[in-house]
Amino acid sequence: MTIISILVATWADGLFVITGESRRHEFAGKAVRGLAPDGNGGTLAIIDGHSLCRRNHDGEWTTIATSESQLSCALRVGDGTYIGTDDARVLHVSAAGGISELTGFNSVPGRETWYAGSAVIDGRRLGPPLGIRSMTATSDGAVLLVNVHVGGIPRSTDGGLTWRPTVDVNNDVHEVRAHPTDPSVVIAAAANGLWVSRDSGATWIVEREGLHGLHCAAVAFSGDDLLVSAAADHFATESAVYRRAVGGADPLVPVGAGLPRWLNGIVDTSCIATNDAALAMADKAGNVYVSTDAGRSWARRADGLPLASSVLIV
């Protein structure tokens, strides 16, 4: 039986590695975000905002590259790595560790209409800045898609040299993910529902049937199904995760089988992870739920963790 580890990165207190009944705390007191596979069984992560690091299967860390920019997320494609920044730029890291900016991204038509997704609440501005929230590539590597918050989903078909906008900026997209084996299928979570593309992100339709609330924050693929988290709004005290067959047209249905009907706060961007038959998710209260049988049964493996920034299964 393959032993899996659940990696839970947090905004302010490092990384928690949950393996069986054990829990390991790494980078305590530091911000960790942007967990992503490195393509070789290891994990990419952004540490304290400026360092792109790699964790190998034995839990050893190395620094791949550093930047003066505030980094937000990472994506490994072929021999190179793309990094998004909190000021809405895309960087490329070569195999040798050199960083260059994809200047074509700065010329996306409509960029002047992008805006920060934050809000003033009780006199304080809360929420993320205008920046790159997630990135994905189709399974054949031919198409790159970047989720700007708030700026839609720019798309590139030439390795990031040039970009075109797709969904309207005001749909307020929170995460975009491409199907792991079918290059035509891409899904996105937005503030007004689940967006689905069947032409590699060139065009999109929105789906809402079955959702209790339209504020969708995270998406993932699990076998023949897609998963999406939804809540009434970002600050709702309850949320749920829904599933549906990727190729189906039926309404979305809540994930059950031991997962609570209502999770404690939102399951946010990058906080649903899948790896073969394993699934994991973290809610706003720091509860981590895990399934090892493709979602047929669930168990809570941790509670009370600091606010999660991303989850990955290795």
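Everything numeric here is computed off the predicted structure, so don't read it as measured data.

The rules behind each value
- Residues numbered from 1 in each chain as written.
- Predicted model: local features only at pLDDT ≥ 70, side-chain atom pairs only at ≥ 80, totals over all residues.
- Heavy atoms only, no water.
- Helix = DSSP H or I, 4+ residues; strand = E, 2+ residues; numbered from the N terminus.
- Contact = heavy atoms within 4.5 Å.
- Pairing = 2+ DSSP bridges.
- Buried < 20%, exposed > 50% of the residue type's maximum accessible area, 1.4 Å probe, protein only.
- Polar contact = N/O pair within 3.5 Å; in protein donor to acceptor, adjacent residues only side chain to side chain.

A. Expanded view of the environment of glycine 160. With respect to the helices and strands, glycine 160 occurs in the loop between strand 16 (155-156) and strand 17 (173-178). With sequence-adjacent residues up to four places away left out, glycine 160 is seen in contact with Leu102 and Leu144.

B. Structural context of the environment of valine 290. With respect to the secondary-structure elements, valine 290 resides in strand 28 (residues 288-291). Counting along the chain gives 229 residues from valine 290 to tryptophan 61, while the straight-line C-alpha distance between them is 25 Å. Dropping the residues within four chain positions of it, valine 290 is found in contact with Ile6, Leu279, Ala280, Ser297, Trp298, Ala299 and Arg301.

C. Layout of the pairing of strand 10 (residues 90-93). Where strand 9 (residues 80-85) lies against strand 10, four bridges are found, and the strand directions are antiparallel. Note that in strand 10 the partner of isoleucine 83 across the bridge is leucine 91. Here strand 9 hands over to strand 10 after four residues, with alanine 88 in that stretch at a positive phi of 60°. Of the pairings in the sheet, the one linking strand 10 to strand 11 (residues 99-101) comprises three bridges and is antiparallel in character. By the bridge assignment, histidine 92 is partnered in strand 11 with serine 100. Turn length for the strand 10-strand 11 hairpin, with the two strands adjacent in sequence and antiparallel, is five residues, and the turn residue glycine 97 shows positive phi of about 95°.

D. How the structure looks around the side chain of aspartate 38. Mapped onto the secondary structure, aspartate 38 falls in the loop between strand 4 (32-37) and strand 5 (43-47). Overall, the relative accessible area of 4% leaves aspartate 38 in the buried class. Here glycine 41 takes part through its backbone nitrogen, which lies 3.3 Å from a polar atom of the side chain of aspartate 38.

E. Region of interest: the sheet that holds strand 16. As summarised here, the arrangement of the three strands in space is 14-15-16, forming an open sheet in which the pairing is antiparallel. Every interior strand has two partners, whereas the edge strands, strand 14 (131-137) and strand 16, have only one. Taken together, the six bridges between strand 14 and strand 15 (residues 144-149) define a ladder with antiparallel strand orientation. The partner of glycine 131 across the bridge, within strand 15, is histidine 149.

These figures capture arrangement, not role.
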